[in-house]
Amino acid sequence: MARIVEVEAYLGPEDLASHARFGRTARNAVMFGLAGIAYVYLVYGMYDCLNVVTEEDGVAGAVLIRAVEPLEGIEAMRRARFVVEGRRRAIREASDEARAAAAQRLAGVPVTRLASGPGLVAAAFGIDRTWTGTDLCDPASPVRLEPVPAADALADDAVRITTRIGVGYAGPDWADRPLRFVRRSHPSVSGPAAAR
DNA sequence: TGAATGATGCACT
DNA sequence: GTGCATCATTCAC
């Protein structure tokens, strides 16, 4: 179990940073479907990113889960990351010593940094593209969203709103929009400590 | 502490 | 063929 501490909003075809910007394609079709469904895609050929569809049926929109704070099942997340990262060719073809060193490094990653990035969130939960279409609101789903207890709700000033990461290609209009929401000063937020 | 870099697969043009 | 909604490592300061 983990708590979401960083998300980015991606809108419909008008949002030049969104996968929906080219309209509906085979890859992004679920973005145009029902809310609460998972949309998982591959970036840079290596990392899966978990999105949650947000808008009503027929309207594109999703929220990218960029970082979470692990709360329970820490060792399971560590194992899942080990499995996912072990699939990479550079690791697969490495020497036994190099693989052991990689495992050693992973074992030393602090809990707060176990899922502090979009690719890491997916890896920590063992999520890949085959999860696209999974209903994250179904209580029977192995990965699901649950509401935070009202008593734990964040105050407005505990949420920092910034521009999205790595979307410069979308042009200044869309790249500069305040669509990234992070928990202020939280150690599990992605990027260097100074940026939290 | 920060900038540069390499790894890697696939959707889209 | 091109260009990514990234991450970890290396190197310079």
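The rules we used
- Sequence order as written defines residue numbering, which begins from 1 separately in each chain.
- Following the order in which they are written, the chains are lettered starting with A and the ligands numbered starting with 1.
- Restriction of local features to residues with pLDDT of at least 70 applies here, the model being predicted, together with a cutoff of 80 or more for giving and counting side-chain atom pairs; totals for whole chains, interfaces and linings are based on all residues.
- For side-chain calculations, the full set of non-hydrogen atoms in the structure is used, while hydrogens and water are omitted.
- Where helices and strands are cited, they refer to DSSP runs of H or I of at least four residues and of E of at least two residues respectively, numbered from the N terminus.
- We define a polar contact as two N or O atoms separated by no more than 3.5 Å, with the added condition that, inside protein, one atom must be a possible hydrogen donor and the other a possible acceptor, whereas residues neighbouring each other in sequence contribute only through side-chain atom pairs.
- The rule for a salt bridge is simple: a side-chain nitrogen of Lys or Arg has to be within 4 Å of a carboxyl oxygen of Asp or Glu.
- Any residue under 20% of the maximum accessible area for its type is buried, any over 50% is exposed, and the rest in between are partly exposed; the area is computed with a 1.4 Å probe on protein chains only.
- Fitting a line to C-alpha atoms yields each axis, with helices limited to the stretch in contact; the angle taken between N-to-C directions then spans 0 to 180 degrees.
- Crossing chirality is assigned from the near helix's rotation relative to the far helix, an anticlockwise turn below a right angle marking it left-handed and a clockwise turn marking it right-handed.
- Any two residues whose heavy atoms approach within 4.5 Å at even a single point are treated as in contact.
- Just so you know the grouping, Ala, Val, Leu, Ile, Met, Phe, Trp, Tyr, Cys and Pro go in nonpolar, Asp, Glu, Lys and Arg go in charged, and all remaining residues, Gly too, go in polar.
- Strand pairing is defined by DSSP finding a minimum of two bridges between the two strands.
- Residue proximity to a molecule or strand is established when one non-hydrogen atom of the residue lies within 4 Å of it.

Help me understand the side chain of Arg 164 in this model?
Summarising the element assignment, Arg 164 is placed in the loop between strand 5 (159–163) and helix 5 (171–175). A distance of 2.9 Å separates a polar atom in the side chain of Arg 164 from the backbone oxygen of Ala 9. Among the polar contacts listed, one links the side chain of Arg 164 to the backbone oxygen of Trp 174, at a separation of 3.3 Å.

Is there a simple way to think about the pattern of salt bridges in this case?
Oppositely charged side chains can form a pair if their charged atoms are brought close together. Under the criterion given, the structure shown has 10 salt bridges. A salt bridge links Arg 164 to Asp 15; the shortest N-O distance between them is 2.8 Å. With Arg 164 in the loop between strand 5 and helix 5 and Asp 15 in the loop between strand 1 (2–10) and strand 2 (38–43), this pair connects stretches of sequence that are 149 residues apart. The residues Arg 164 and Asp 15 share a single accessibility class, namely buried.

Would you take a moment to explain the packing of helix 1 (residues 74–86) against helix 3 (residues 96–107) for this structure?
Helix-helix packing is characterised by the crossing angle of the two axes and by the distance between the axes. At a minimum axis separation of 10 Å, helix 1 and helix 3 run at an interaxial angle of 150 degrees. Crossing hand, helix 1 versus helix 3: right-handed. From helix 1, Arg 78, Arg 81, Phe 82 and Glu 85 reach across to helix 3, where they touch Ala 103, Leu 106 and Ala 107. Here the residues of the contact of helix 1 with helix 3 are counted per class, giving 4 nonpolar, no polar and 3 charged.

Got a minute to help me understand the pairing of strand 1 in this structure?
Each regular strand displays side chains that alternate between the two surfaces of the sheet. Taken across its 9 residues, strand 1 has 7 buried, putting it largely inside the fold. The sheet contact formed by strand 1 and strand 4 (residues 62–70) spans 8 bridges and is antiparallel. By the bridge assignment, Ala 2 is partnered in strand 4 with Pro 70. Here 3 bridges tie strand 1 to strand 6 (residues 178–183), and the two strands are oriented antiparallel to one another.

Would you explain the protein's contact with DNA strand C in this entry?
For DNA strand C, the set of nearby residues contains 19 residues, the closest of which are Tyr 41, Tyr 47, Asn 51, Arg 105 and Tyr 169. Restricting the count to atoms of DNA strand C within 4 Å of the protein gives a sugar and phosphate share of 63%. His 19 places a main-chain nitrogen or oxygen 3.3 Å from a base nitrogen of DNA strand C. Between DNA strand C and the protein, one listed contact pairs a sugar or linking oxygen with a side-chain N or O atom of Tyr 47 at 3.0 Å. Every element with two or more residues in the surface near DNA strand C is listed here: strand 2, strand 3 (47–53), strand 4 and helix 4 (118–124). Considering only residue class, the surface near DNA strand C consists of 11 nonpolar, 5 polar and 3 charged.

Please clarify how the protein's contact with DNA strand B should be interpreted in this entry.
Taken together, Phe 22, Thr 25, Arg 27, Leu 42, Tyr 44, Gly 45, Met 46, Arg 89, Ala 90 and Arg 129 make up the full set of residues near DNA strand B. Here the atoms of DNA strand B within 4 Å of the protein split so that 61% fall in sugar or phosphate, with bases taking the remainder. Measuring from a phosphate oxygen of DNA strand B, one finds a side-chain N or O atom of Thr 25 at 2.4 Å. A class-by-class count of the residues in the surface near DNA strand B yields 5 nonpolar, 2 polar and 3 charged.

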